[in-house]
Amino acid sequence: LSFISLSLTISSLIIPSHASSSSLPSNSFLGIAPQDEDYFKGEIIKCKNGSKTFTKTQLNDDFCDCSDGTDEPGTSACPQGKFYCRNAGHSSSLLFSSRVNDGICDCCDGSDEYDGKVKCPNTCWEAGKVARDKLKKKIEMYHKGVALRREENKQAKQAIARDREELLALENEKDVLENLVKQLEGQIQKLEQEEHLEKEEKMKEASNEKVEKEKSETEEKVDSQKEPLKTSDEEKMGLSWKSPSNQNEKDEFQSTEGLSREELGRLVASRWTGKKTEDQVEEIDTAKRDYVGNREKEESAHDEHSINNALQFNENTQKHHEKGRNDAGDEESVADDVGSSSTHYNIRLEDHENSSDIATPSHQSWLVKIQETAQNILQSVNFYPTPVPNLDANQVRNEYNNYTTRLHDIESRISSLTEKVKYDFGIDNEFYLFYDRCFESKQDKYVYKVCPFKHAIQEEGRSETRLGNWEKFGSSYRMMLFSNGDGCWNGPDRSLEVKLRCGLKTELTSVDEPSRCEYVALMYTPALCLEEKLKKLESMNREQPWSHDEL
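For clarity, every value in this text was computed on a predicted model and none was experimentally measured. (Residues numbered from 1 in each chain as written. Predicted model: local features only at pLDDT ≥ 70, side-chain atom pairs only at ≥ 80, totals over all residues. Heavy atoms only, no water.)

Engineer: Quick question: what am I supposed to make of the pattern of salt bridges here?
Structural biologist: When their charged atoms lie close together, side chains carrying opposite charge are able to pair. Evaluated as defined, the whole model comprises 19 salt bridges. When the shortest N-O distance is used, the salt bridge between Asp428 and Arg149 registers 3.5 Å. You can see Asp428 sitting in the loop between α11 (393–420) and β5 (439–443) and its partner Arg149 sitting in helix α3 (residues 129–226), a full 279 residues away along the chain. For Glu419, the salt bridge identified is with Lys422, shortest N-O distance 3.6 Å. Connected through shared salt-bridge partners, Arg149, Asp428 and Glu430 make up one network. (Salt bridge = Lys/Arg side-chain N within 4 Å of Asp/Glu carboxyl O. Helix = DSSP H or I, 4+ residues; strand = E, 2+ residues; numbered from the N terminus.)

Engineer: Quick question: what am I supposed to make of the UniProt feature "coiled-coil region" (unreviewed entry) in the protein here?
Structural biologist: In this structure's numbering, the residues bearing the UniProt feature "coiled-coil region" (unreviewed entry) are residues 393–420. Each end of residues 393–420 is marked by a C-alpha atom, and these two atoms are 41 Å apart; helix forms 100% of the span and strand 0%. (UniProt positions renumbered as here; feature names shortened; annotations may be inferred.)

Engineer: Honestly, the state of the cysteines in this entry has me stumped. Any pointers?
Structural biologist: Two cysteines joined by a covalent bond between their sulfur atoms form a disulfide. This model, assessed by the stated rule, comprises eight disulfides. In this model Cys64 forms its disulfide with Cys78; the gap between the sulfur atoms is 2.1 Å. Residues Cys64 and Cys78 are joined by a disulfide whose S-S torsion is about 115°; by sign, that bridge is right-handed. In this pair, Cys64 is assigned in the loop between β2 (53–55) and β3 (82–85) and Cys78 in the loop between β2 and β3, connecting sequence segments 14 residues apart. Assessed through its relative accessible area of 1%, Cys78 is described here as buried. Note that Cys438 is cross-linked by a disulfide to Cys451, the S-S spacing being 1.9 Å. The chirality of the disulfide connecting Cys438 with Cys451 is right-handed, given an S-S dihedral of about 110°. With Cys438 in the loop between α11 and β5 and Cys451 in strand β6 (residues 446–451), this residue pair connects regions lying 13 residues apart in the sequence. Residue classification places Cys438 among the partly exposed positions, given a relative accessible area of 46%. (Disulfide = S-S within 2.5 Å. Buried < 20%, exposed > 50% of the residue type's maximum accessible area, 1.4 Å probe, protein only.)

Engineer: Please explain the nonpolar core as it appears in this structure.
Structural biologist: For soluble globular proteins, nonpolar side chains are generally found buried alongside one another. Judged by nonpolar contacts, the single largest core of 28 residues is most densely connected at Val450, Met480, Leu496, Val498 and Met523. Those elements that place two or more of their residues in this core are α3, β6, β8 (463–474), β9 (479–483), β10 (495–502), β11 (507–515) and β12 (518–525). Residues in contact with Val498, not counting those within four places in the same chain, are Val450, Arg478, Met479, Met480, Phe482, Ala521 and Met523. (Core = buried A, V, L, I, M, F, W, Y, C linked by side-chain atoms within 4.5 Å. Contact = heavy atoms within 4.5 Å.)

Engineer: What am I meant to see in a positive patch on the surface here?
Structural biologist: Together, Lys134, Lys138, Arg478, Lys499, Arg501, Lys533 and Lys536 line one region of the surface with positive charge. Elements supplying a minimum of two residues to the positive patch: α3, β10 and α12 (531–542). Structurally, the position occupied by Lys536 is in helix α12. (Patch = residues over 30% accessible without salt bridge, like charges linked within 9 Å, V, L, I, M, F, W, Y side chains within 5 Å. Areas by Shrake-Rupley, 256 points an atom, 1.4 Å probe, with all protein chains shown as cover. Lys, Arg positive; Asp, Glu negative; His and termini not counted. Charge placed at Lys NZ, Arg CZ, Asp CG, Glu CD.)

Engineer: Where do I start with the pairing of β8 in this structure?
Structural biologist: In the case of a regular strand, side chains alternate between the two sheet surfaces. Of the strand pairs in this sheet, strand β7 (residues 455–460) and β8 are connected by six bridges, and their pairing is antiparallel. If you follow Ala456 over to β8, its bridge partner there is Gly468. From the end of β7 to the start of β8, which pair antiparallel, there are two residues, and Gly461 there has a positive phi angle of about 65°. Relative to β9, β8 is paired through five bridges, and the arrangement is antiparallel. Residue pairing in the sheet places Lys472 in a bridge with Leu481 of β9. Connecting the antiparallel pair β8 and β9 is a turn made up of four residues, with Ser475 showing a positive phi of about 55°. (Pairing = 2+ DSSP bridges.)

Engineer: In this structure, what is going on with unusual backbone geometry? I would like to understand it.
Structural biologist: Backbone phi values are negative for most residues with the exception of glycine, while trans is the configuration of most peptide bonds. One non-glycine residue, Asp62, adopts positive backbone phi at about 65°. For Asp62, the location among the structural elements is in the loop between β2 and β3. Overall, the relative accessible area of 23% leaves Asp62 in the partly exposed class. The backbone of Asn429 sits at a positive phi, close to 55°, despite the residue not being glycine. Within the element layout of this structure, Asn429 appears in the loop between α11 and β5.

Engineer: Would you mind going over the sheet that holds β8 with me for this structure?
Structural biologist: Strand-to-strand pairing in sheets goes through backbone hydrogen bonds, with the strands running parallel or antiparallel. With mixed pairing, eight strands are arranged side by side in an open sheet as β5-β6-β7-β8-β9-β10-β12-β11. The sheet terminates laterally at β5 and β11, the two strands that pair on one side only. When strand polarity is set aside, the average angle formed by the axes of neighbouring strands in this sheet is 25°. Bridge analysis of β5 against β6 gives five bridges, and the strand direction is antiparallel. Bridge pairing in β6 places Lys442 opposite Val447. (Axes fitted to C-alpha atoms, helices over the stretch in contact; angles between N-to-C directions.)

Engineer: I would appreciate a short explanation of the side chain of Asp115 in the present structure.
Structural biologist: Along the chain, Asp115 turns up in the loop between β4 (93–96) and α2 (124–127). In this structure Asp115 is buried but unpaired, with Lys117 as the nearest side chain of opposite charge at 4.3 Å.

Engineer: Looking at this structure, how should I read the confidence of the model for the protein?
Structural biologist: Any segment with low pLDDT has predicted coordinates that should not be analysed in fine detail. Predicted confidence across the protein gives a mean pLDDT of 75, with 63% of residues reaching 70 or more. Considering each helix and strand of the protein separately, the mean pLDDT is smallest for helix α1 (residues 2–14), with a value of 36, and largest for β9, with 98. Long-range and interchain partners of residues 377–390, a stretch whose pLDDT sits below 50, account for 13 contacts in this model, where long-range means more than four residues apart. (pLDDT = per-residue confidence, 0-100.)

Engineer: I keep staring at the packing of aromatic side chains and nothing clicks. Help me out?
Structural biologist: The relative placement of two aromatic rings is captured by the distance of their centres and the angle of their planes. A full pass over the atoms with the stated rule returns 17 aromatic pairs. Between Phe425 and Tyr435, the ring centres sit 6.3 Å apart and the planes meet at 75°, which makes this aromatic pair edge-to-face. Of this pair, Phe425 sits in the loop between α11 and β5 while Tyr435 is found in the loop between α11 and β5, placing the two residues 10 residues apart along the sequence. Comparing Phe425 with Tyr435 shows no difference in burial state: the two are buried. Aromatic pair Phe453 and Trp470: ring centres 4.8 Å apart, planes at 45°, arrangement tilted. Taken together, the residues Phe453 in the loop between β6 and β7 and Trp470 in strand β8 connect sequence positions 17 residues apart. The exposure class assigned to Phe453 is buried, which follows from its relative accessible area of 4%. Sitting above the plane of the Trp125 ring, Arg132 keeps its charged end 3.5 Å from the centroid. Its guanidinium or amino end placed over the ring of Tyr435, Lys454 lies 5.8 Å from that ring's centre, counting from NZ or CZ. (Phe/Tyr/Trp six-rings, centres within 6.5 Å; stacked < 30°, edge-to-face > 60°. Lys NZ or Arg CZ within 6 Å of the ring centre and 35° of its normal.)

Engineer: Before we go on, may I ask you to explain the pairing of β5 in this structure?
Structural biologist: The side-chain alternation of β5 yields one buried face, formed by Phe439, Ser441 and Gln443, and one unburied face, formed by Glu440 and Lys442. In textbook terms, the turn of a hairpin is the stretch between consecutive antiparallel strands, and for β5 and β6 this stretch comprises two residues, one of which, Asp444, has a positive phi near 55°.

Okay, structure coming up:
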């Protein structure tokens, strides 16, 4: 008996209690996550930290071979080991290997207490009811979200097509408007030239009217001064300054009876040439110098006369032209025509009855001057056989301004659309409808505004702080990044990360500042309701709970 008891004592010392058949795990993959099982199927297994290798028989043998606990995921032999609780019917979990077989049920399926010292019931189904209900609601939400995402993607495609069509139409309209504006510019230049010419003509007309008026006044003054010089001999002779065409040849002979041949020659010459005696020439030349000086002063004072008066001048000269053609056969009719023109210049031939001397050949009478002026006017009209059309310059300028404004608007819109299409809107352009939109969230005294593809700001009353400018999408379109915001006092520039989650509407729900000047926000949107994620959730919901004996 003593020998037997001694043998049992030695055996108990050699064979550790954890090596008993009742305490060894029945599954070599105990504590290993399903996704890691393939790593342990080989005969020679490498420690995950690369420190050494171990055989398959050394897996979960309750002896720590790897410092990182790779070989003992299902025992408490390695302090760094991790035990995986499958928790079928509930959510899986990881716990430190030191909690394995410690007498406390950590896993809801009881898999961490397999040595039998503690009987752990499987409570995963009951414990997972809340999670399962949450999962079912999440699946329902994803179904709706996926449908919304499809609809928004359809709207995004339509918006892209509209924008491209609009861009093409605007570019075509721009070409047309540029050509039209160019033509209007040419029209305006032409009208301005015509206005300038008409203004010059008006200045000439006004100046001529002024000069002719002064001529008429001067002649009347000279005529009135010459009235007393008539001699009784001339009155007795019955000399008259009436037109020869209206004078009877017999009367003319009688009126000149008694004159010498030299006197008679001078008298006839003065009647037909308009030349006066030397006294008359001297007085008229003095008056002429006065009005010529005044004319030069007046010529520069009429720059602002309107175009309508210049057109009236063309109309008057045209009338002179037409009347001149009707009376072209008679030289005296030209003088009569000029006498009835708009200058109202009147020559009283009777005044020449007082002229006893003939003007010198170096001077011309005012009558000759007027005749030459009238002829020059009539000749000048021939250069413009058709009157210049009276176009509405203001209307042309208004049209030019309207088309120029429209062209500017079109160019601005083209620039905006061209800039828009440069951005990355996601795999399916699911974020296209985010362009030109901002999403707000009010928290305490702050209002946060996130404007994708532009910027993010924080408002406090009337003050505004820029949290960042648009940078890009991150994490496979699950995050929006904003950087290079306003600088912090003695700190970095502000930045913002917006985490995107599936939701039935696009909304900014929260903004936090976990680190100084580094902000994190959460946004829900149908754009993140992916069909692949829905399938994964449905697969999780179909999984059946495992019993403790199956592990």
